[in-house]
Structures are given as C-alpha cells and as structure tokens.
Amino acid sequence: MSLTHMIPYAQPLYFAYLLVALLPIAIGLWFGRRFRIYEAFVTVLFLWISFGGEFAHQGLALIGYVLYQCVLVGGYFTLKQNKNSTPMFYIAVLLAILPLAITKIVPFFTAGQPSILGFLGISYLTFRSVQMIMETRDGLIKTYSWIDYLRFLLFFPTISSGPIDRYRRFLKDEQEAPQKAQYIELLGKGVRSIMLGLLYKFIIGYYLGTVLLPIVSQDALISGGLSLSLVGYMYVYSLYLFFDFAGYSLFAVGTSYIMGYNVPINFNKPFLSPNIKEFWNRWHMSLSFWFRDYVYMRLMFTLMKKKVFKSRIVSSNVGYFALFLLMGVWHGLTWYYLLYGVYHAAWICLNDAWIRYKKKHKQLPSNRFTYAFSVVATFHGVCLSFLIFSGFLDTLFFK
C-alpha cells in the first residue's frame, strides 16, 4: 500500500502510521503541553497521505479551496467590523457554498464525471466555513486569526467523515491543553472509540457489506420488483450503512480524543429511537444539529419575523421540507436523494401532528408496549428510507 494513496481509516496500515504520529502528541498532553508545530506537521502529513501525494489533483483542489475560504472568511470578518450588512452576509454565505455547489451540480450535467474542484471532505470543510460566517454575523466570534481558522478548517481526524465541530468549542481545546486527569479520561475514551470502530467497520460492517450485501442484492435483482429478497436487502443495507459510517465516526472521534480535542459524537443508538425526531437527534448528530441551528432555525426566524405564514405550524412544516430537501440535494441531484428528503420531511410533519393530537387526547395509552411498538415502527420506517437512499430501487426498476 502506497503511503500516498490511502483513504482515511480504510486500511490497517493507516492506523499504524496514525499510532506513530500520535505518540508524541499523547506524551506532550500527558505532561500538559500541546505541541502545535508538531500537530501542524502531522496535519500536513496526513492530508498528503489522504489526498494521494503533493501533486495529486485532489491535493491541489484542497489548497485552492483553503486559500479561497481563508480570504472569504477573513474578508467578511473585516467588512463586518465596519458595517453589519445583510446583503454582504448573504453574498458571503453563497460564496462559501459555491465550490461545494459546483461539485454537486457538475456530475448531473457531465454523466457522473466529477468536478475538478472536488476533493475528499469538501462538504465538511464547507460546513465549517459557513458556520464561521454565520457566527461572525451573529457577533459570537469576536476575533479572527487565520492560523486558528486554518487549524479548525484542516483538523485532519474529522475531515473526511465528520463529526462537524464548532469553532468556539474547538478553539477552547486548541488554546488550552487538558489537565492530566482530564487527558487520562480522554485517552481512555479515545482508545475505546477506536477499538469499537474496528469492531463496527472491519468486522460487522465488512461482513454485512462485503459478504451479505452482494448476496441479497443479487437475489433481489433476480426476483425482480417487490419481493422478500428486496426486504432482506433493505435490512442488510441499513445495518451496513450504520456500522460502516459509525465505525468511521468512531475512528475520527477517538483520534481527536487522543489529540486532546473533545469533539462531539455522531451516533447514539439511533435504531432505538421511538420516533423520527429522536432518530435525527441520534443519527449523524453533528450534521443534524448543524442543519437545525444554521438552516432550520434561521429559516423559521425569517418566516415568523416577516409573517410569511399566519400559522406557526405551517411555517414549521415548510421549514422541515426546505431543510430535508436541502439535505437530499447535498447528497446529490438524483430522484432518490430528493425523495429521501421529502420522505423524512413528511414523516416529521406527521410526527408533530401526532404529538399535538396526543396532547389533546390524554386518554391514549402510553406504556412500555406502546414505546416498544414505536421503536420497532421507527426502525422499519428508517430502513425503508435507507432503501430509497441506497439508489438500489433505481437499479431494480429503471435500469
């Protein structure tokens, strides 16, 4: 395996390099010191490894993107100090999103050929940049340092799969090394997270994705249409998606802990959720909370402030559809991603309607049985949405 062609956390050799690189960081933190220059060196090294070498296309795209965002965020911060202009804010946000939008739109018009601007992790870097602009607008970020912003933007453990951290929380960890007792706890959590990630991705995820999934997908294609084999595919894919993605997230979180950064977790037993709202509070949590805070709440505030709709319920439902359609578009411009977004938006609207109905009819049963039934029903509804998300229905019915 070449040193310069490794997807983060995808090969055992990557972890060997990671262990060697993290050892000096861990020793320094054990004694209450953060070696920032060495951390910067490790960041550059692992970005170089992940993007295929210093002259690789993705590496050059990353360098151009970082320079672009540094100028944009720094420029907006400077302009905002002189005048808090609403049009300038919207322009800055749109410009921050522009490279990501191009990478999502271009494949739609080029038969799947990726944009030259694209690179691994561009979505997560864009979330960080947009967050910086929005929190600058809100006055939450009082000072701007391009070095601090660069450290936040290029924090390598979470660059490819999240979680999506918050700048002010990250900066607090970066500027102050944890106390020894705190670091011992973080170190233990980091090791446990990585070990659990190995179980999730390389054992359970491997069996589900490499062994079972080809079998059930082939059976479903042979059976054709709606069949028990398709149901089997739905379950296997849903479980594979969770264990593979949660495994990646655990690696990122565990590595961050070892480096002394208490980044947020991404998954919290999502398949035990009793309703769809609770599911989104447990599944890809940092993404859910990011969209909630920076898209949904701001859209709701605008709709209510301008009195676009008389009913708060209507405003909320419109906000949900806008939010989940945006999430669908973020995944890609295909009918099944858009349908996936509409499906979840409609489900959350129905869930809210059901909660309002229950409040008016307190005689409805609420016990362990109804709770268990809700968990099972939510699990199956989510699995159905993942079947849509997988794109397998497109292959089964339209190709």
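To keep things clear, this report deals only with the structure shown in the data block. Everything numeric here is computed off the predicted structure, so don't read it as measured data.

Glancing now at the overall build of the protein chain. A tally of helices and strands in the protein chain yields 15 helices and zero strands. Against the globule reference of 21 Å for 399 residues, the protein chain gives a C-alpha radius of gyration of 22 Å, in line with a compact fold. If one aligns the C-alpha atoms of the protein chain with their principal axes, the spans along those axes are about 60 × 55 × 50 Å. Taking all 399 residues of the protein chain together, the buried fraction comes to 49%. For the protein chain, long-range pairs separated by at least 24 residues make up 74% of all intrachain contacts whose partners lie at least 6 apart in sequence. Accessible surface for the protein chain amounts to roughly 20300 Å². Of this, 69% is attributable to carbon and sulfur atoms.

Here the focus is the side chain of Ser 217. Position of Ser 217 among the secondary structure elements: in helix H8 (residues 180-223). Judged by its relative accessible area of 16%, Ser 217 is buried. Setting aside anything within four residues of it in sequence, one finds Ser 217 in contact with Tyr 233 and Phe 392.

What follows covers the nonpolar core. Counting 113 residues, the largest nonpolar core has Ile 133, Trp 280, Trp 283 and Phe 386 as its most contacted members. Per-element tally for this core: the top contributor is helix H9 (residues 228-258), with 17 residues. The contacts of Trp 280, once residues within four sequence positions are left out, are Ser 288, Phe 324, Met 327, Tyr 340, His 344 and Ile 348.

This part covers a nonpolar patch on the surface. There is a patch of nonpolar side chains on the surface, built from Leu 226, Phe 321, Leu 325, Val 329, Trp 335, Leu 338, Leu 339, Val 342, Phe 397 and Phe 398 and spanning about 880 Å² of accessible area. Elements with a minimum of two residues in the nonpolar patch: helix H12 (312-331), helix H13 (335-360) and helix H15 (392-398). In terms of residue count, H13 provides more of the nonpolar patch than any other element does, four residues in total. Mapped onto the elements, Leu 339 comes out in helix H13.

Glancing now at H9. Taking 1.5 Å as the rise per residue, H9 with 31 residues should run 45 Å; its terminal C-alpha atoms sit 45 Å apart, in good agreement. Counting buried positions along H9 gives 24 out of 31 residues, so the element sits mostly inside the fold.

We now examine the packing of aromatic side chains. All told, the structure shown has 52 aromatic pairs when counted by the stated rule. Pairing Phe 15 with Phe 251 gives two aromatic rings, centres 4.8 Å apart and planes at 70°, and the pair type is edge-to-face. Placement of Phe 15 in helix H1 (residues 12-30) and of Phe 251 in helix H9 is noted, with a sequence separation of 236 residues between them. Like Phe 251, Phe 15 is buried. With 6.3 Å between their ring centres and 0° between their planes, Tyr 235 and Phe 379 make a pair best called stacked. Taken as a pair, Tyr 235 in helix H9 and Phe 379 in helix H14 (residues 368-390) lie far apart in primary sequence, 144 residues in all. Stacked on the ring of Phe 152, the Lys or Arg Arg 128 has its end atom at 5.9 Å from the ring centre.

Where helix H5 (residues 122-137) contacts helix H6 (residues 146-153), the axes come no closer than 10 Å and their chain directions differ by 145°. Taken together, the residues of H6 that come into contact with H5 (itself represented by Leu 125, Arg 128, Ser 129, Gln 131 and Met 132) are Tyr 149, Phe 152 and Leu 153. Here the residues of the contact of H5 with H6 are counted per class, giving five nonpolar, two polar and one charged.

So, on to helix H11 (residues 285-305). Compared with the 30 Å implied by 1.5 Å per residue over 21 residues, the 28 Å span of H11 between its first and last C-alpha is a close match. Of all the bends in H11, the greatest, near 35°, is centred on Arg 292. Where H11 is buried, its residues meet H5, helix H10 (276-280) and H12. Once H11 finishes, Lys 307 follows within two positions and takes phi at roughly 55°, a positive value.

Right, let's talk about the environment of Leu 95 for a bit. Take Leu 95: it is sitting in helix H4 (residues 86-109). Each C-alpha atom of the pair Leu 95 and Arg 312 lies 31 Å from the other, and the pair is 217 residues apart in sequence. Beyond its immediate sequence surroundings of up to four residues, Leu 95 is in contact with Tyr 68 and Leu 72.

Mapped onto the elements, Phe 152 comes out in helix H6. On a C-alpha basis, the gap between Phe 152 and Phe 170 in space is 6.9 Å, while along the polypeptide they are 18 residues apart. Among all residues touching Phe 152, those that are not within four sequence positions of it are Arg 128, Gln 131, Met 132, Asp 165, Arg 166, Tyr 167 and Phe 170.

Side-chain pairs of opposite charge can arise where the charged atoms are in close proximity. Counting across every chain of the model gives 13 salt bridges. A salt bridge links Arg 36 to Glu 174; its shortest N-O distance comes to 2.8 Å. With Arg 36 in helix H2 (residues 36-50) and Glu 174 in helix H7 (residues 167-175), the pair connects residues that are 138 residues apart, well separated along the chain. A residue is classified by how much of its surface remains accessible, and Arg 36, at 30% relative accessible area, is partly exposed. Residue classification places Glu 174 among the buried residues on the basis of a relative accessible area of 3%. The partner of Asp 138 in a salt bridge is Arg 298, with the nearest N and O atoms 2.4 Å apart. In this pair, Asp 138 sits in the loop between H5 and H6 while Arg 298 sits in helix H11, placing the two residues 160 residues apart along the sequence.

So, about the environment of Asp 148. Counting through the fold element by element, Asp 148 comes out in helix H6. Sequence-distant contacts of Asp 148, defined by excluding residues within four places in its chain, comprise Tyr 167, Leu 171, Glu 174 and Gln 175.

Reading guide: rules and limits
- Residues numbered from 1 in each chain as written.
- Predicted model: local features only at pLDDT ≥ 70, side-chain atom pairs only at ≥ 80, totals over all residues.
- Heavy atoms only, no water.
- Helix = DSSP H or I, 4+ residues; strand = E, 2+ residues; numbered from the N terminus.
- Rg over C-alpha atoms; globule rule 2.2 N^0.38 Å.
- Buried < 20%, exposed > 50% of the residue type's maximum accessible area, 1.4 Å probe, protein only.
- Contact = heavy atoms within 4.5 Å.
- Areas by Shrake-Rupley, 256 points an atom, 1.4 Å probe, with all protein chains shown as cover.
- Core = buried A, V, L, I, M, F, W, Y, C linked by side-chain atoms within 4.5 Å.
- Patch = residues over 30% accessible without salt bridge, like charges linked within 9 Å, V, L, I, M, F, W, Y side chains within 5 Å.
- Salt bridge = Lys/Arg side-chain N within 4 Å of Asp/Glu carboxyl O.
- Expected span 1.5 Å × (residues − 1).
- Phe/Tyr/Trp six-rings, centres within 6.5 Å; stacked < 30°, edge-to-face > 60°.
- Lys NZ or Arg CZ within 6 Å of the ring centre and 35° of its normal.
- Axes fitted to C-alpha atoms, helices over the stretch in contact; angles between N-to-C directions.
- Nonpolar A, V, L, I, M, F, W, Y, C, P; charged D, E, K, R; others polar.
- Bend = angle between axes of the 7 residues up to and from the residue.

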